[in-house]
Structure formats: C-alpha cells, structure tokens
Amino acid sequence: MRKTVWILGVLLSIGLAGSAFAAQFQFHGDLNHRFLVYTDQAGMFKGSETIGSTAVDKDGIDESFGDIKYRLWVEAATDDGKVKGVYAIEIGAIRFGDGSTLGGSTKGGAFSGDGINIETRWAYTDFQLPGVASKARIMIGLMPFSVNNFVWNETAMGVQYKGAAGPTDLTLAWVRGKEDFNDDTKDDLFEDLDALLARVDFKATETAKVGLFALYQGRNPGTDSNTAFSSSTQYQIKRLGNVDFDIYTLGIDGSATFGNLFLNWDLIYQTGSLDDNTAVSRDISAYLAHADLGVKFGPTKLTYTVWYASGDDTPGDNDIENFMSTDVDFFDSIIFFEGGFTDDNYFTEAPHILDKGLFFNKLALDHQASEKLKVGAALLYLQTAEDLANGEDALGTEIDAYLSYKLYAGLEFALNLGYLISDDGMKNFGSDEDVFRSTARVRYGF
C-alpha cells in the first residue's frame, strides 16, 4: 500500500511538471478531528443511515471517543476553465484505537495504525459544451448532486447538465442509485433504480429567489425478484427493496430578504405508485412544508425553523402517505440529527422519523461575539406527524448550545451540547429517559 501511494505521488509530480503550462491544479483538504465528549445514551447514536438499530436505555449507557475524518481532493482544469476534473478520497470516521475490520482489513485506528481505510468520495469530469457562449456544462461521474435539501442532497453517480440563460439557471440530470445487471430474459430494461431531474432557478425580485423542480424515480425489478414492501423499514427511497415503483416528487423552494428579515421555504409533494409481490398496488400521496423565518440585528441572528413531513397512519393499507427522502443529511438537532460533530453516529439523517413523518420546531439564537468567536443556543420541540407504534407522537423538548473559535485561518475549535427532555414517544425506542450529548472538533480546511 505504501509503495503504491509513493509511486502514484511520483507519477502525479511528473505529470504536473510536464503539463503545468496547459492546466491549472488545485489541492484541497478537510481535516476533521471529532470527539464525543460524553453521552449518557450511547445506544441512541450507534446507527448510521437508519434508526432501526438505535435504542434508549433506562439505565443509561455512558460513552466518549475520538475519531478522524479526512477528505483530500485535487482539481485539474484547463487554463480557460472549459474542462475540469475532480477526484477526492476520504478516510471516514476512524475512532482512536479502532482495530475492527473494514472489508476484510483493519481500519487502522489501533496499535501501529496503517489500516486499509481509504474510499473514493468524488470522481467526475465537468466541461463546457463546445460552441455555446453561455454557461452549458456537463458533469459525468461520482459527483455532488442536489435536488432539494429535504429530498436528495448527496454524492451520486450520473450525468448532470447545468446551464444558464440570463438570470435563470437550468439543471437536468440522470442519476442511477442502484444498478442491477440484467441477465434474465424475463426482466425488462428498467430494473435499475434510476432518477430523472429537471430544476429551474431564477430571481423573482432583486431580493428573492425561486426554484422549481420535478424528480422522477422508478424501478421495475421483475416478477422473479420482486419482494414484499414494509414501510416500517423502507421509509427512504434509497431503502426501498426489490419493489416496483414510480415516484414523482414536485417542489417549489426559495429565499427572500426584507431588510433585516429573511425567509427560506420549501413546498414538496410526492405522488406515484408502488407494487410488490403481495399483488397489492399502493398509491403514493405525501408532502412536506418548511420555513425559516429570521431577523438579523448587528452580529446577532434569531431564526425560527418549522417543517411538517407527512406520515402514514395505517401502513398496511393501499395508500402510502409518508414523505420519503432519498439521501440527505440534517444537522438541525444535536440529539436526533447529525448536529453532533461525530456526525457519522446519529439517530437519523432524515427529516422524518421512520414512516411517521415529523413536526419540527426550532428557535435558534446565533451571535458573532468577535471576529474569531461565535456562540449560539436553541430550543427545539419535536413530535411525529402520526402516532408511533406505541400510540404516542411527542418526542420531547431539546436544548442545544455551541461555541466556535477560530484558532488560526482555516483552523476551528468547536464544542456543542444537547439535552433532550424526553416525552412518551421516546418509549417507542426503548425508554423515555432524558438524553445528554456533547461533542467537539478541531477542523482544518484549505
């Protein structure tokens, strides 16, 4: 492994030296050192991509740890900027002392280190269409992909077009979330999980922006491999198993400022159908509404955030009424979302709880105390849109606080803490014991 890295470094150096006159190169890094300072409910934060394995223990489970997450990427572009290639690697969430296996090899966090733990994060080429004067760029490969923060905002593999005509931006994309190589004559061409996106963004006024989008996602795995659907485990589109579905997500979002006031908003509707091997055809009808309303006065900002994601009250019937995100990351809560700096360990990444939706409320105060120091606090209240399996919907009231200090340019120290005053809805996840969590990080970016 070390020899391979050394050889690649030499080749890269030779390549840069020989072609520097024709291209521009940039090297970037995000070197993040994260610490779970303390939690009394470690079981609640052991999950990743799902909340199915998390639990709150009535006796409490104490834990603290440190980890690293490094991302390095290189950009190579022609002098005129018409062609750019990007490649990123990442070492993800390796805890201090972690000698467990990853793909048959150690992670490298224990004695002597030297694990095999590097993954590809981005790998794409971005180029301007020849002969077009305005912006008309094609991106191909493993790239950042954003439909809407509540729908899909993550790395994905596909082809994306981004163009501009005056104040209007247009995005068209084909993305494949799951590939099934067809070796069965009974299966049709469309057994893969494909997505088609059309999005238009424009300025409505000098201080207001509006975006319109339509996303189609579909899959037909064929009758031989079609399996049963259960909304209790298949509550995100990326979690849908071998089921036949056509899902259309239509939305409008935007932002506006009115002097010191600001507003961000989203209105999203999902429709379509889903069939599985039980011969039951289900109609999809779900929605999400969100708003941030805030005011800035000097170095201080006050923001009220609210959203409502619909849930499914009768999962066994022919109607799917729960809003389904595809692949997103939410940081609005230290307890429930990825607001803790050890954000590879969390309760859920989605803006909904299982298939029960979410009614989310947050009042946040942020203050820039000095050029280097920023502090803040927030009060949150969460409940599911529909009752959980235990017949309750109230999750509880959360109190958060944080500080961030710039040690040097590009180097940040940050500390936060969250405390949940649990309500009866948390009994659905094991116990309604209160939950405390505090995390910290030292992060260098260049």
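What counts, and where the lines are drawn
Along each chain, numbering runs from 1 in the same order as the chain's sequence is written. Per-residue local features are limited, in this predicted model, to residues with pLDDT of at least 70; the limit for side-chain atom pairs, both in listing and counting, is 80 or more; totals at the level of whole chains, interfaces and linings are taken over all residues. Heavy atoms from the whole structure form the basis of all side-chain values; hydrogens and water molecules are not counted. Only DSSP runs of H or I with at least four residues qualify as helices, and only runs of E with at least two residues qualify as strands; both kinds are numbered from the N terminus onward. As a reference, a globule follows 2.2 Å times the number of residues to the power 0.38, and the radius of gyration itself is taken over C-alpha atoms. For every residue, the accessible area (1.4 Å probe, protein chains only) is compared with the maximum for its type, and the residue is labelled buried under 20%, exposed over 50%, or partly exposed between those bounds. Contact criterion: two residues are considered in contact whenever any of their non-hydrogen atoms come within 4.5 Å of each other. For the purpose of counting charges, residues Lys and Arg are taken to be positive, whereas Asp and Glu are taken to be negative. His and the chain ends are not included. Each charge is placed at NZ for Lys, CZ for Arg, CG for Asp and CD for Glu. Definition of a polar contact: a pair of N or O atoms within 3.5 Å, with one able to donate and the other able to accept a hydrogen when the atoms are protein atoms, and with sequence-neighbouring residues admitted only if both atoms are side-chain atoms. Only buried Ala, Val, Leu, Ile, Met, Phe, Trp, Tyr and Cys residues count toward a nonpolar core, and they belong to the same one when joined by side-chain atoms within 4.5 Å. Within the patch definition used here, like charges are joined within 9 Å and nonpolar side chains (Val, Leu, Ile, Met, Phe, Trp, Tyr) within 5 Å, considering only residues with over 30% relative accessible area and no salt bridge. We get accessible surface area from the Shrake-Rupley algorithm with a probe of 1.4 Å; when it comes to residues, only the shown protein chains can shield them. Just to be clear on terms, a salt bridge is a Lys or Arg side-chain nitrogen sitting within 4 Å of an Asp or Glu carboxyl oxygen. Think of it this way: DSSP has to see at least two bridges between two strands before they count as a pair. pLDDT gives the predictor's per-residue confidence on a scale running from 0 to 100. Any Phe, Tyr or Trp ring, taking Trp's six-membered ring, that has another such ring centre within 6.5 Å forms a pair; planes under 30 degrees apart are called stacked, those over 60 apart edge-to-face, and the others tilted. Geometrically, a charge over a ring is one whose NZ (Lys) or CZ (Arg) sits within 6 Å of the ring centre while staying within 35 degrees of the ring normal.

## Observations regarding the overall build of the protein
- Along its length, the protein carries 1 helix and 21 strands.
- Taking 446 residues into account, the globule formula puts the C-alpha radius of gyration at 22 Å, and the protein, at 23 Å, falls close to it.
- Reported as C-alpha extents along the three principal axes, the dimensions of the protein are approximately 70 × 55 × 55 Å.
- A buried classification covers 43% of the 446 residues belonging to the protein.
- In the protein, the proportion of contacts linking residues at least 24 apart, taken out of those at least 6 apart, comes to 58%.
- Within the protein, the 65 negative side-chain charges are centred at a point lying 9 Å from the centre of the 36 positive side-chain charges.

## Structural notes on the side chain of Asp 194
- Examined against the element boundaries, Asp 194 turns out to sit in strand β10 (residues 193-205).
- A polar contact of 2.6 Å, which involves the side chain of Asp 194, links it to the side chain of Arg 176.

## Observations concerning the nonpolar core
- One finds Met 44, Trp 152, Phe 336, Ile 353, Leu 395 and Phe 429 to be the most contacted residues of the largest nonpolar core, which totals 43 residues.
- Setting aside its immediate chain neighbours within four residues, Trp 152 contacts Phe 145, Ser 146, Val 147, Val 175, Ala 195, Leu 215, Gln 217, Thr 326, Asp 327 and Val 328.

## A short note on a negative patch on the surface
- A surface patch of negative charge is lined by Asp 313, Asp 387, Glu 392 and Asp 423.
- Assignment of secondary structure puts Asp 423 in the loop between β20 (411-422) and β21 (435-445).
- On the basis of relative accessible area, Asp 423 is assigned to the partly exposed category, the value being 31%.

## Digging into the pairing of β10
- Sheet topology note: the strand β9 (residues 168-178)/β10 ladder contains 9 bridges and is antiparallel. Bridge pairing in β10 places Ala 173 opposite Leu 197.
- Sheet topology places β10 next to strand β11 (residues 208-219); 11 bridges connect them, and they run antiparallel. Looking across to β11, one finds that Lys 203 is bridged to Lys 209.
- What sits between the antiparallel neighbours β10 and β11 is a turn of 2 residues.

## Points about the side chain of Arg 137
- Relative to the assigned elements, Arg 137 resides in strand β7 (residues 136-148).
- Looking at Arg 137, the relative accessible area reads 16%, which means it is buried.
- At 3.2 Å, the side chain of Arg 137 and the backbone oxygen of Gly 81 are in polar contact.

## Overview of the confidence of the model for the protein
- In the predicted model, the protein carries a mean pLDDT of 91, and the fraction of residues at 70 or more is 91%.
- Note on residues 10-21: pLDDT is under 50 here. Beyond four places in sequence and across chains, it has 3 contacts.

## Observations concerning the pairing of strand β2 (residues 63-78)
- Strand direction decides the pairing type here: strand β1 (residues 23-39) and β2, joined by 15 bridges, are antiparallel. By the bridge assignment for β2, Leu 36 is matched with Phe 65.
- The pairing of β2 with strand β3 (residues 83-95) spans 10 bridges and is classified as antiparallel. Bridge pairing links Ala 76 to Gly 85 in β3.

## Comments concerning the packing of aromatic side chains
- Counted by the stated rule, this structure contains 18 aromatic pairs.
- When the ring of Tyr 287 is compared with that of Tyr 308, the centres are 6.0 Å apart and the planes differ by 20°; the resulting orientation is stacked. Remark: Tyr 308 occurs in strand β15 (residues 300-309) and Tyr 287 occurs in strand β14 (residues 281-297); sequence separation between them is 21 residues.
- We classify Tyr 308 as partly exposed; its relative accessible area is 27%.
- Here the basic side chain of Arg 71 rests over the ring of Trp 122, its NZ or CZ set 5.3 Å away from the ring centre.
- Here the guanidinium or amino end of Lys 296 rests over the ring plane of Phe 262, the centre of that ring lying 5.8 Å away.

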